[in-house]
Amino acid sequence: KNSKFICNRYILNTYLYIILTLTIIALQVLIMKYYKITFNPNLFIIIAIFILTIGCIIALHGISPKQMILKHGVWLLFVLLMGLMFYPMYLIYSKKQGLIMSSILTTLILFVGLSLVAYLKPELISLSLGPVLFILLGSGIVMELLLRFLSSKDYITTKWFKIISYFFISMFMVYILYDTKRLQINAKKCILADYISESLKLFLDIWNI
């Protein structure tokens with residue numbers, strides 16, 4: 001209203017931004033595939049995109065929702081960077097019949113199911129989980145990096161790859177419960193609505209799973 005986010009339908013609008021983010025990424029990937037754009041980034045480009053993405057996430061949390069054009073510009077850059085990162089993976093795994101769709105459907109089922117739990121039984125979720133999840137996330141990243149560099153054979157073929165993968169999936173499932181509970185609280189306490197920053201947390205949970 002009047003070019004500003006409002007607190008009405010806070011939760012609905014947050015979910016609409018998540019859907020919009022996923023839709024833009026899907027369209028970007030399909031358009032790049034349609035025009036047969038080749039994108040095989042080397043390690044330097046991957047690191048550069050990763051740093052830019054982290055920079056966008058930090059910037060989005062720092063930019064006031066009152067600065068609508070700037071906030072949406074940085075958000076759109078973030079979304080396009082995510083699509084760019086996903087495109088090479090899409091080309092590789094789309095050759096394996098049904099793998100992409102089954103992964104997307106499984107992730108969406110998990111997200112919807114966990115969101116329903118968070119809305120039906122919010123009393124089961126404590127916000128004190130936040131610091132614990134952050135420590136687990138940091139520990140998991142350090143562990144995976146160490147295993148990748150110290151493994152004598154291809155890391156993906158080791159049993160540790162599956163163990164770490166299930167660890168991250170389980171952790172981000174808990175993150176969905178935590179961020180959904182936080183969304184409910186923010187919606188009730190809303191003074192200055194910010195759908196972009198709010199949707200970013202849940203989008204990253206879905207993306208990581």
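Below is a summary of the structure that appears in this document. (Residues numbered from 1 in each chain as written. Predicted model: local features only at pLDDT ≥ 70, side-chain atom pairs only at ≥ 80, totals over all residues. Heavy atoms only, no water.)

### A word on the overall build of the protein chain
Piece 1. From N to C terminus, the protein chain includes seven helices and zero strands.
Piece 2. Walking the protein chain from its N terminus toward its C terminus, one meets helices and strands in the order α-α-α-α-α-α-α.
Piece 3. The C-alpha radius of gyration computed for the protein chain amounts to 18 Å, which stays within 12% of the reference 17 Å derived for 209 residues, consistent with globular compactness.
Piece 4. Projected onto its principal axes, the C-alpha coordinates of the protein chain cover approximately 55 × 45 × 30 Å.
Piece 5. Here the analysis covers contacts within the protein chain between residues at least 6 apart in sequence; of these, 82% occur between residues at least 24 apart. (Helix = DSSP H or I, 4+ residues; strand = E, 2+ residues; numbered from the N terminus. Rg over C-alpha atoms; globule rule 2.2 N^0.38 Å. Contact = heavy atoms within 4.5 Å.)

### A short note on the packing of aromatic side chains
Piece 1. Under the counting rule described, the total for this entry stands at 15 aromatic pairs.
Piece 2. Each ring, one from Y17 and one from Y195, has its centre 6.1 Å from the other, and the planes form 40°; the classification is tilted. One end of the pair, Y17, is in helix α1 (residues 10–34); the other, Y195, is in helix α7 (residues 195–208), with 178 residues separating them in the sequence. Each member of the pair, Y17 as well as Y195, is classed as buried. (Phe/Tyr/Trp six-rings, centres within 6.5 Å; stacked < 30°, edge-to-face > 60°. Buried < 20%, exposed > 50% of the residue type's maximum accessible area, 1.4 Å probe, protein only.)

### Points about the nonpolar core
Piece 1. Of all hydrophobic cores here, the largest spans 50 residues; its most connected members are F5, L60, F78, M171, F172 and Y175.
Piece 2. For this core, the secondary-structure elements that each account for two or more residues are α1, α2 (43–62), α3 (68–93), α4 (99–120), α5 (129–150), α6 (159–189) and α7.
Piece 3. Beyond its immediate chain neighbours, meaning those up to four positions away, Y175 contacts L133, F134, L137 and D205. (Core = buried A, V, L, I, M, F, W, Y, C linked by side-chain atoms within 4.5 Å.)

### Let's talk about the state of the cysteines
A covalent bond between the sulfur atoms of two cysteines is what we call a disulfide.
Piece 1. Overall, the coordinates contain one disulfide when judged by the stated rule.
Piece 2. The side chain of C7 participates in a disulfide bridge whose partner is C190; the two sulfur atoms lie 1.9 Å from each other. Across the disulfide from C7 to C190, rotation about the S-S bond amounts to roughly -70°, and the bridge is consequently left-handed. In this pair, C7 sits in the segment before α1 while C190 sits in the loop between α6 and α7, placing the two residues 183 residues apart along the sequence.
Piece 3. For C7, a relative accessible area of 29% translates into the label partly exposed. (Disulfide = S-S within 2.5 Å.)

### Quick notes on unusual backbone geometry
Leaving glycine aside, a negative phi is the common case for residues, and trans is the common case for peptide bonds.
Piece 1. Backbone geometry places N2, a non-glycine residue, at a positive phi of 50°.
Piece 2. Locating N2 in the fold gives a position in the segment before α1.
Piece 3. N2 sits in the exposed class, given a relative accessible area of 68%.
Piece 4. Although it is not a glycine, S3 sits at a positive phi angle of roughly 60°.
Piece 5. Tracing the chain through its elements places S3 in the segment before α1.

### A short note on the packing of α3 against α7
Piece 1. Where α3 contacts α7, the axes come no closer than 12 Å and their chain directions differ by 10°. Considering their axes alone, α3 and α7 lie roughly parallel with respect to each other. Mapping the contact onto sequence places K71, H72, W75, F78, M82 and F86 in α3 and I196, S197, L200, F203, L204 and W207 in α7.
Piece 2. Grouping the constituent residues of the contact of α3 with α7 by class yields nine nonpolar, two polar and one charged. (Axes fitted to C-alpha atoms, helices over the stretch in contact; angles between N-to-C directions. Parallel < 35°, antiparallel > 145°, perpendicular 65-115°, else oblique. Nonpolar A, V, L, I, M, F, W, Y, C, P; charged D, E, K, R; others polar.)

### Observations concerning the side chain of Q184
Piece 1. Turning to its location among the elements, Q184 is positioned in helix α6.
Piece 2. Given a relative accessible area of 12%, Q184 falls into the buried group.
Piece 3. Side-chain polar atoms of Q184 contact the backbone oxygen of A118, separated by 3.1 Å. (Polar contact = N/O pair within 3.5 Å; in protein donor to acceptor, adjacent residues only side chain to side chain.)

### Quick word on α7
Piece 1. Counted at 1.5 Å a residue, the expected span for α7 with its 14 residues is 20 Å, and the 20 Å between its end C-alpha atoms agrees.
Piece 2. Within α7, 10 of the 14 residues are buried, leaving the element largely enclosed by the surrounding structure. (Expected span 1.5 Å × (residues − 1).)

### Regarding the pattern of salt bridges
Piece 1. By the definition in use, this model includes three salt bridges.
Piece 2. The partner of D194 in a salt bridge is K71, and the shortest N-O contact between them spans 2.8 Å. One end of the pair, D194, is in the loop between α6 and α7; the other, K71, is in helix α3, with 123 residues separating them in the sequence. Here D194 and K71 have matching classes, each one buried.
Piece 3. Measuring nitrogen to oxygen at the nearest pair gives 3.0 Å for the salt bridge that ties D179 to R182. Of this pair, D179 and R182 both sit in helix α6, three residues apart, which is roughly one turn of that helix.
Piece 4. A residue is classified by how much of its surface remains accessible, and D179, at 4% relative accessible area, is buried.
Piece 5. By relative accessible area, which is 24% here, R182 ends up partly exposed. (Salt bridge = Lys/Arg side-chain N within 4 Å of Asp/Glu carboxyl O.)

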